[in-house]
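Structure assessment
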Amino acid sequence: GDSVTQTEGLVTVTEGLPVMLNCTYQTAYSDVAFFWYVQYLNEAPKLLLRSSTDNKRTEHQGFHATLHKSSSSFHLQKSSVQLSDSALYYCALSYQGGRALIFGTGTTVSVSP
Amino acid sequence: GGIITQTPKFLIGQEGQKLTLKCQQNFNHDTMYWYRQDSGKGLRLIYYSITENDLQKGDLSEGYDASREKKSSFSLTVTSAQKNEMAVFLCASSIGTGYEQYFGPGTRLTVL
């Protein structure tokens, strides 16, 4: 079946350093879209990035991700994290005709001074 | 823009009790969802509704009922609350299945 895998449950990083959150997927569908959601403590998840175009970089709020269908990945990166980036990040997959987004288990990012 | 409202914010019930969570959206979205959020397990789909009066089971529907009373509202009932169901329940909506979802702030369920 369709699935999304986020291998890291917790990533700790020092302020000012880069971070990459892994997201890989399995699906039989070719017409797919991918999302990164961010959830700050005691808040609702909200959309950070969206992409459906292979090999095209998408950017928002200093984060970027590129969908690579050849490696089934949509990793999230930031070159210099801030304390305010501490949050829970979800990767999600959708496909045309699908019933709902398929979410990964989430990665918590903890940024320390 | 729009907003999703979930009530109550905190829900405390006894084991075996029937409990209802409510969700309202003013996006005029057709599709609404209920997810359960457990630490380390991501967001698991309980029920969704493609349009008014439609109900579809998700992966975690056992022990839950849902009702789409009108386009803007979607309720979830825990039929017999259990301690292992303590979690945050998130409501979401979208213009259709497979599209970006907008989430509410959640209802935290505690079972005594």
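Residues Leu 21, Phe 34, Trp 36, Leu 48, Phe 74, Leu 76 and Tyr 89 of chain A are the most contacted members of the largest nonpolar core, which totals 26 residues. Within the residue set of this core, elements represented by two or more residues are strand S2 (10–14), strand S3 (19–21), strand S5 (32–39), strand S6 (46–51), strand S8 (63–66), strand S10 (87–95) and strand S12 (107–112) of chain A. Sorting elements by how many residues they give to this core places S10 of chain A first, with five residues. With 21 residues, the next largest nonpolar core counts Trp 34, Ala 66, Leu 76 and Ala 81 of chain B among its residues.

Okay, the side chain of His 64 of chain A next. Residue and element names in this part refer to chain A. Within the element layout of this structure, His 64 appears in strand S8. With a relative accessible area of 12%, His 64 lands in the buried category. What His 64 contacts, discounting residues up to four positions off in sequence, is Leu 49, Arg 57, Thr 58, Glu 59, His 75, Leu 76 and Gln 77.

Once that is clear, we can look at the state of the cysteines. Residue and element names in this part refer to chain B. Under the counting rule described, the total for this entry stands at two disulfides over all chains. In this model, Cys 23 is linked to Cys 91 through a disulfide, with the two sulfur atoms separated by 1.9 Å. As the torsion about the S-S bond is roughly -75 degrees, the Cys 23-Cys 91 disulfide counts as left-handed. Separated by 68 residues along the polypeptide, Cys 23 in strand S3 (residues 19–25) and Cys 91 in strand S9 (residues 87–94) bring together distant segments of the chain. Taking the relative accessible area as the measure of exposure, Cys 91 reaches 0% and is therefore buried.

What counts, and at which threshold
- Residues numbered from 1 in each chain as written.
- Chains lettered and ligands numbered in written order.
- Predicted model: local features only at pLDDT ≥ 70, side-chain atom pairs only at ≥ 80, totals over all residues.
- Heavy atoms only, no water.
- Core = buried A, V, L, I, M, F, W, Y, C linked by side-chain atoms within 4.5 Å.
- Buried < 20%, exposed > 50% of the residue type's maximum accessible area, 1.4 Å probe, protein only.
- Helix = DSSP H or I, 4+ residues; strand = E, 2+ residues; numbered from the N terminus.
- Contact = heavy atoms within 4.5 Å.
- Disulfide = S-S within 2.5 Å.

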